[in-house]
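Descriptive structure summary
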Amino acid sequence: LGAGRAGDVEISTSQLRLLNGGNISSGTFGQGNAGNVTVNADAIEIAGVLPFIASSSVLGASTFSSGNAGNITVNTRTLPIRQNGGVVTSSFGSGSSGQLTVNASESISISDPETASNFGSRIDSAALVPTPFLRQLFRIREPLTGNAGSVTVNTPTLNVTNGARISVTNQGTGNAGTVSVNANQIRLDQNGEFSAATRSGEGGNISVTANVLLLRSNSDISTEARGRGNGGNITLNIPFLIGLDNSDII
């Protein structure tokens, strides 16, 4: 809660499941930085929301003040993220979000049902305007000036479907980070997206390297900067790119 740094969280296990609001995280509410979160597991599953307080299942690192959020590193074989679950670094104050790296040796699947809530399943680094409830609960006094961190995803097979996303976002005055995705096969389907967006700061860049990229059914890859910020760049290193059913690269 003060100037001291939070500790790190390190987990090594064969299987990790975060369900129905389950949460593993490191955070800061003061000037000190949050710790880093590192998970090494053969299989990881993240899914579901705690209904009464609408808290999603998250592997996360966050800041609610001037300290910076920690970094997240995930090493696994498979990672399904469903039903509004997430791997997330976030800022709700003047500190910056941490860097997020996910390495999956076989596959990553990020998916939501059509009735997804405002959370959405995601791998995301963000600076977000706190709700009045969060502002009062955590006594947030800092302005939202922190930068979003960067997101790096490495896996042979990546599926992002039904409104799920890999993203960097900044709703304050800071900058967005970058999204870097490296895979053999990528499928964005049913409103799946890669995005980098800011309200007034500099927009983030998106870099995608793959053998095959398929976009279907209103899916998109987009960078956006509102206000006085510049939009980010999109770089695609892909021999085979297929876009169908009103999908866009913007």
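Everything below is about the structure shown above.
Quick look at the structure, then. Values in this document were obtained by computation on a predicted structure and should not be read as measured data.

Calculation notes
Residues numbered from 1 in each chain as written. Predicted model: local features only at pLDDT ≥ 70, side-chain atom pairs only at ≥ 80, totals over all residues. Heavy atoms only, no water. Helix = DSSP H or I, 4+ residues; strand = E, 2+ residues; numbered from the N terminus. Rg over C-alpha atoms; globule rule 2.2 N^0.38 Å. Buried < 20%, exposed > 50% of the residue type's maximum accessible area, 1.4 Å probe, protein only. Patch = residues over 30% accessible without salt bridge, like charges linked within 9 Å, V, L, I, M, F, W, Y side chains within 5 Å. Areas by Shrake-Rupley, 256 points an atom, 1.4 Å probe, with all protein chains shown as cover. Salt bridge = Lys/Arg side-chain N within 4 Å of Asp/Glu carboxyl O. Pairing = 2+ DSSP bridges. Phe/Tyr/Trp six-rings, centres within 6.5 Å; stacked < 30°, edge-to-face > 60°. Lys, Arg positive; Asp, Glu negative; His and termini not counted. Contact = heavy atoms within 4.5 Å.

**Remarks on the overall build of the protein**
- On a plain count of helices and strands, the protein comes out with one helix and 22 strands.
- Against the 2.2 N^0.38 benchmark of 18 Å for 250 residues, the protein shows a C-alpha radius of gyration of 17 Å, consistent with a compact globule.
- Here the C-alpha coordinates of the protein stretch approximately 50 × 45 × 30 Å along the principal axes.
- Burial statistics for the protein: of 250 residues in total, 49% are counted as buried.

**With respect to a nonpolar patch on the surface**
- Side chains of Leu50, Phe52 and Ile53 sit close together on the surface and give an oily, nonpolar patch of about 380 Å² of accessible area.
- Topologically, Leu50 is positioned in strand S4 (residues 49-50).
- Residue Leu50 is classed as partly exposed on the basis of its relative accessible area of 34%.

**A look at the sheet that holds strand S2 (residues 23-28)**
- Within the open sheet, the eight strands sit side by side as S2-S6-S8-S10-S13-S16-S19-S22. Their pairing is parallel. Across the chains shown, the open sheet's two edge strands, defined by having one partner strand only, are S2 and strand S22 (248-249).
- Here strand S13 (residues 165-170) pairs with strand S16 (residues 193-198) via six bridges, running parallel. Residue pairing in the sheet places Val168 in a bridge with Ala196 of S16.

**Things to note about the packing of aromatic side chains**
- The tally for this structure, following the rule as stated, stands at four aromatic pairs.
- Ring centres of Phe29 and Phe64 lie 4.9 Å apart, and the angle between their planes is 5°; this geometry places the pair in the stacked category. Taken together, the positions of Phe29 in the loop between S2 and strand S3 (37-47) and Phe64 in the loop between strand S6 (58-63) and strand S7 (72-82) put the pair 35 residues apart, joining distant regions of the chain.
- Given a relative accessible area of 35%, Phe29 falls into the partly exposed group.

**Concerning the side chain of Asp112**
- By secondary structure assignment, the location of Asp112 is in the loop between strand S9 (100-111) and strand S10 (122-127).
- Buried Asp112, no salt bridge; nearest opposite-charge side chain is Arg165, N-O distance 6.2 Å.
- The residues touching Asp112, leaving out its near neighbours within four places in the chain, are Arg82, Gln83, Asn84, Gly120, Ser121, Thr161, Asn162 and Ala164.

**A few points about unusual backbone geometry**
- The backbone of Asn20 shows a phi angle near 50°, a positive value even though the residue is not glycine.
- Tracing the sequence through the fold places Asn20 in the loop between strand S1 (9-19) and S2.
- With a phi close to 50°, Gln83 is a non-glycine residue in the positive phi region.
- Judged by relative accessible area, Gln83 falls into the partly exposed class, the value being 39%.

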